[in-house]
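Structural characterization, general
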Amino acid sequence: MIRPTPQAVIETSRFIVSRTAFSTAVPPKSLANELLSTTSFHRLQANMNLATLGALIWDILSSIPNDYRLIRVGKPSVVSFVYFMTRPALVITIFLTVLLLTGPVSHCGAVSLGIVAFQVTSFAVASYLFLKRVHAVYFANKVVQHTFSCLSSSSAL
């Protein structure tokens, strides 16, 4: 039995690889390459923000009766104030983002500053509401309450 030398195997594999259609053909443009191009990514980002804005407006409009009942029956508190701040802050954030991505904006810096300000507000009020929900669900478990309070205060930093 004749065994080929390692050098002969390497030369043969180079010859086979160099003669295949894969080495000479131009690879087709894949969906991933298309999505990663700057223009397509910008369009995708604008469309996702538009869809998010539509879903958020639908959510606000569908919960108006419950919110009205909460205002009428409930007593004023910090939690209810924060609850009613959450949605407008999110709507303004997403609206400014859609405006920045789709419309001609003469002061991009001011719009970007508004986006950042409302993002911070949205994150803060949503985190506070989540903390209050955890406190309500785990009312008897002080360890869980203190753990989430520490996590919430550390995320604020």
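Computed from a prediction, not measured in an experiment: that's the story for all the values here. (Residues numbered from 1 in each chain as written. Predicted model: local features only at pLDDT ≥ 70, side-chain atom pairs only at ≥ 80, totals over all residues. Heavy atoms only, no water.)

Let us now look at the overall build of the protein. Each helix and strand in the protein was counted, giving eight helices and zero strands. Walking the protein from its N terminus toward its C terminus, one meets helices and strands in the order α-α-α-α-α-α-α-α. Sequence separation of 24 or more characterises 57% of the internal contacts of the protein that already satisfy a separation of 6 or more. Put simply, the protein shows about 12,100 Å² of open surface, and 72% of that area lies on carbon and sulfur atoms. (Helix = DSSP H or I, 4+ residues; strand = E, 2+ residues; numbered from the N terminus. Contact = heavy atoms within 4.5 Å. Areas by Shrake-Rupley, 256 points an atom, 1.4 Å probe, with all protein chains shown as cover.)

Moving on: the environment of I60. Examined against the element boundaries, I60 turns out to sit in helix α4 (residues 38-62). When its relative accessible area of 22% is taken as the criterion, I60 is described as partly exposed. When the C-alpha positions of I60 and P88 are compared, they lie 9.2 Å apart, and in sequence the two are 28 residues distant. Setting aside its immediate chain neighbours within four residues, I60 contacts R87 and V91. (Buried < 20%, exposed > 50% of the residue type's maximum accessible area, 1.4 Å probe, protein only.)

The next subject is the packing of helix α6 (residues 78-102) against helix α7 (residues 108-137). The N-to-C vectors of α6 and α7 enclose an angle of 150 degrees; their axes lie 8 Å apart at closest approach. Relative to α7, the element α6 lies roughly antiparallel. Crossing of α6 against α7: the hand is left-handed. The residue makeup of the contact of α6 with α7, split by class, is 17 nonpolar, eight polar and one charged. (Axes fitted to C-alpha atoms, helices over the stretch in contact; angles between N-to-C directions. Parallel < 35°, antiparallel > 145°, perpendicular 65-115°, else oblique. Left-handed = near helix turned anticlockwise from the far one by under 90°. Nonpolar A, V, L, I, M, F, W, Y, C, P; charged D, E, K, R; others polar.)

With that out of the way, let us pick up the pattern of salt bridges. Evaluation of the coordinates by the stated rule reveals two salt bridges. Note that R87 is salt-bridged to D59, the shortest N-O span being 3.5 Å. Taken together, the residues R87 in helix α6 and D59 in helix α4 connect sequence positions 28 residues apart. As a salt-bridge pair, R87 and D67 come within 3.0 Å of each other at their nearest N and O atoms. Of this pair, R87 sits in helix α6 while D67 sits in helix α5 (residues 64-73); the two residues are 20 residues apart in sequence, bridging distant segments of the chain. Taking the relative accessible area as the measure of exposure, D67 reaches 12% and is therefore buried. (Salt bridge = Lys/Arg side-chain N within 4 Å of Asp/Glu carboxyl O.)

A few words now on the confidence of the model for the protein. Considering every residue of the protein, the mean pLDDT works out to 80; 73% of them sit at 70 or more. Every residue in residues 15-24 is under pLDDT 50, and counting partners more than four places away or in other chains gives two contacts. (pLDDT = per-residue confidence, 0-100.)

Attention now moves to the packing of aromatic side chains. Applying the stated criterion across every chain yields a total of two aromatic pairs. Look at Y83 and F84: their rings are 5.0 Å apart centre to centre, the planes differ by 75 degrees, and that puts the pair in the edge-to-face class. Residue Y83 is classed as partly exposed on the basis of its relative accessible area of 23%. Overall, the relative accessible area of 30% leaves F84 in the partly exposed class. Ring centres of F130 and F148 lie 5.9 Å apart, and the angle between their planes is 65 degrees; this geometry places the pair in the edge-to-face category. Here F130 is found in helix α7, whereas its partner F148 is found in helix α8 (residues 142-156), with 18 residues between them in sequence. For F148, a relative accessible area of 28% corresponds to the partly exposed category. (Phe/Tyr/Trp six-rings, centres within 6.5 Å; stacked < 30°, edge-to-face > 60°.)

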